[in-house]
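# Geometric and topological summary
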Amino acid sequence: MNSHENTGAAPLLSFRLNTVLFAVLAILPLGGCASWDKPVLSVKETSPPELLGANHIDPAMRERILRAVGQDSQERALRDELKQHPDNVDAAIHLAKALLAQERPHEALQVLDNVLVAVPGNLRALNAKGVVLDVEGRHDAAQALYRQALESEPGNQMLHHNLNLSLAFDRKPERNALAQSR
């Protein structure tokens, strides 16, 4: 009978030891929160920027971070709009501008190409694509788009202006004079 009592006491002792050990290990990390010279925990709230160390972030870097976060949400919203309405020229142009600002002209061209499939010959989309091509340095292709758009609307000053700028960037002054005479 004595051996039976010992087998029952061992698990109970082990359970108590585990419980005490767990309690000690749970309390020890909390001991680091208090110190002898400050017997009470502070109830003063720390502002979020101080918690994150944001006051040590360069203001220009903070501006870039905020702009990038805003651009991501804006880009997502515009892409969602274009998925629902592939012919939305305004959304395509805004997205192309955002992508150009992020130095992603190839993606901007894809967006404009997609909207031109949905709305072929749209002057604003052709103009926007011409601008992106000019930014990439593909002036001949941009000029061809401006001229294509001018065939539909010969009096459009914006298209004339962008064609002249493209010709100036292309450094072909004889062409520039030709475009002005039209």
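This section reports on the structure supplied with the text. (Residues numbered from 1 in each chain as written. Predicted model: local features only at pLDDT ≥ 70, side-chain atom pairs only at ≥ 80, totals over all residues. Heavy atoms only, no water.)

Now for the side chain of N88. Its place among the elements puts N88 in the loop between α3 (59-84) and α4 (89-101). Within the structure, the side chain of N88 is placed 3.0 Å from the backbone nitrogen of A91, a separation counted as a polar contact. (Helix = DSSP H or I, 4+ residues; strand = E, 2+ residues; numbered from the N terminus. Polar contact = N/O pair within 3.5 Å; in protein donor to acceptor, adjacent residues only side chain to side chain.)

A rise of 1.5 Å per residue sets the reference length of helix α7 (residues 139-152), with its 14 residues, at 20 Å; its end C-alpha atoms lie 20 Å apart and thus fit the reference within 8%. Buried residues of α7: H139, A142, Q143, L145, Y146, A149 and L150, and no others. Down the axis of α7, the buried side of the element spans an arc of 160 degrees, and every buried residue falls inside it. Those residues of α7 that are exposed and aimed more than 90 degrees away from the buried face are E151 and S152. (Expected span 1.5 Å × (residues − 1). Buried < 20%, exposed > 50% of the residue type's maximum accessible area, 1.4 Å probe, protein only. Arc of directions from axis to C-beta.)

For helix α5 (residues 105-118), spanning 14 residues, the distance from its first C-alpha to its last is 20 Å, which sits close to the expected 20 Å at 1.5 Å a residue. Residues of α5 that are buried include every one of P105, A108, L109, V111, L112, V115 and L116, and no others. Buried residues of α5, viewed axially, fall in a sector of 160 degrees; they line one side. Turned more than 90 degrees from where α5 packs its buried face, H106, Q110, N114 and V117 sit exposed.

For the rest of this paragraph, the subject is the pattern of salt bridges. Under the criterion given, the structure shown has seven salt bridges. For D113, the salt bridge is made with K129, and the minimal N-O distance between the two is 2.6 Å. Remark: K129 occurs in helix α6 (residues 123-136) and D113 occurs in helix α5; sequence separation between them is 16 residues. Residue classification places D113 among the partly exposed positions, given a relative accessible area of 31%. Assessed through its relative accessible area of 18%, K129 is described here as buried. For the salt bridge of E136 with R138, the shortest nitrogen-to-oxygen distance reads 3.0 Å. Three or more residues are tied together by salt bridges with common partners; here these are E75, R79, R104 and E107. (Salt bridge = Lys/Arg side-chain N within 4 Å of Asp/Glu carboxyl O.)

So, about the packing of α6 against helix α8 (residues 157-169). When two helices pack together, their arrangement is given by the angle between their axes and by how far apart the axes lie. Running from N to C, α6 and α8 point in directions that differ by 15 degrees, and their axes come no closer than 11 Å. Classed by the angle they form, the pair α6 and α8 counts as roughly parallel. The chirality of how α6 crosses α8 is left-handed. The segment α6 lies against α8, with L123, N127, V131 and D134 engaging M158, L159, N162 and S166. (Axes fitted to C-alpha atoms, helices over the stretch in contact; angles between N-to-C directions. Parallel < 35°, antiparallel > 145°, perpendicular 65-115°, else oblique. Left-handed = near helix turned anticlockwise from the far one by under 90°. Contact = heavy atoms within 4.5 Å.)

The phi torsion at E103 lies on the positive side, around 60 degrees, for a residue other than glycine. Mapped onto the elements, E103 comes out in the loop between α4 and α5.

Attention now moves to the nonpolar core. Among the nonpolar cores identified, the biggest contains 29 residues, and L82, A92, L95, V111, L112 and L159 are the most heavily contacted of them. Counting residues per element, the ones that place at least two in this core are α3, α4, α5, α6, α7 and α8. No other element matches the seven residues that α4 contributes to this core. Non-local contacts of L112, meaning those with residues more than four positions away in its chain, are made with A92, A96, A125, A128, K129 and V132. (Core = buried A, V, L, I, M, F, W, Y, C linked by side-chain atoms within 4.5 Å.)

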